[in-house]
Amino acid sequence: MYRPKQIAELRTPVKLLKPKIEQYNGVATTTYPETGDIVFVNWKTFGGTESNVNGVISIVDTAEITTWYRPDITANCRLLRDDGKTYQIISEPENCDLGNQYLVFKVERVKGSG
């Protein structure tokens, strides 16, 4: 059975933000209410990637997350860290070996300035 080595160090607490889609006058609006749902993860960063397009500088922070399996963590969820930074899940969470024990996925945060 595959066991990621990062699963032994789940030290980073994050809040899981699940999307709530509401229709108003035919327009779908997505919000991410805080539910207080805390998940402990292994947070491995890759540093930021900076790009300059038409005078707008954007920095994309990416990280790889490893945590215990939870079927409610999906690609449309977000993670909120204690420092107030919100990250979008950008890859479908991988159920390692289909064993329903571990999840591995990537997140990103885009920060820009004009």
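Before reading on, note that the structure itself is shown above.
Model, not experiment: these values are computed from the prediction.

Caption draft 1: Structural view of the pairing of strand S2 (residues 20-24). With zero of five residues buried, S2 lies mostly on the surface of the structure. Pairing geometry for S2 and strand S3 (residues 27-31), over five bridges, is antiparallel. The partner of lysine 20 across the bridge, within S3, is threonine 31.

Caption draft 2: Representation of the nonpolar core within the structure. By size, the foremost hydrophobic cluster in this structure holds 15 residues, and its most contacted members are Trp43, Ile65, Leu79, Phe105 and Val107. Elements that contribute at least two residues to this core include exactly strand S1 (12-17), strand S4 (38-53), strand S5 (56-68), strand S7 (86-89) and strand S9 (102-113). Other than its neighbours up to four places away in sequence, phenylalanine 105 contacts Ala63, Glu64, Ile65, Thr67, Ile73, Leu79, Ile89, Ser91 and Pro93. In terms of nonpolar packing, the next biggest core, distinct from the first, is built from five residues, Leu10, Cys96, Tyr102 and Val104 among them.

Caption draft 3: Main features of the state of the cysteines. Summed over the entire model, instances satisfying the criterion amount to zero disulfides. With no disulfide of its own, cysteine 77 lies 17 Å from the sulfur of cysteine 96, the closest cysteine sulfur.

Caption draft 4: The arrangement of the side chain of threonine 66 in detail. You can see threonine 66 is positioned in strand S5. Given the relative accessible area of 1%, threonine 66 is considered buried. Excluding residues within four positions of it along the chain, threonine 66 makes contact with Pro4, Gln6, Ile7, Leu10, Val41, Asn42, Leu103 and Val104.

What counts as what
- Residues numbered from 1 in each chain as written.
- Predicted model: local features only at pLDDT ≥ 70, side-chain atom pairs only at ≥ 80, totals over all residues.
- Heavy atoms only, no water.
- Buried < 20%, exposed > 50% of the residue type's maximum accessible area, 1.4 Å probe, protein only.
- Helix = DSSP H or I, 4+ residues; strand = E, 2+ residues; numbered from the N terminus.
- Pairing = 2+ DSSP bridges.
- Core = buried A, V, L, I, M, F, W, Y, C linked by side-chain atoms within 4.5 Å.
- Contact = heavy atoms within 4.5 Å.
- Disulfide = S-S within 2.5 Å.

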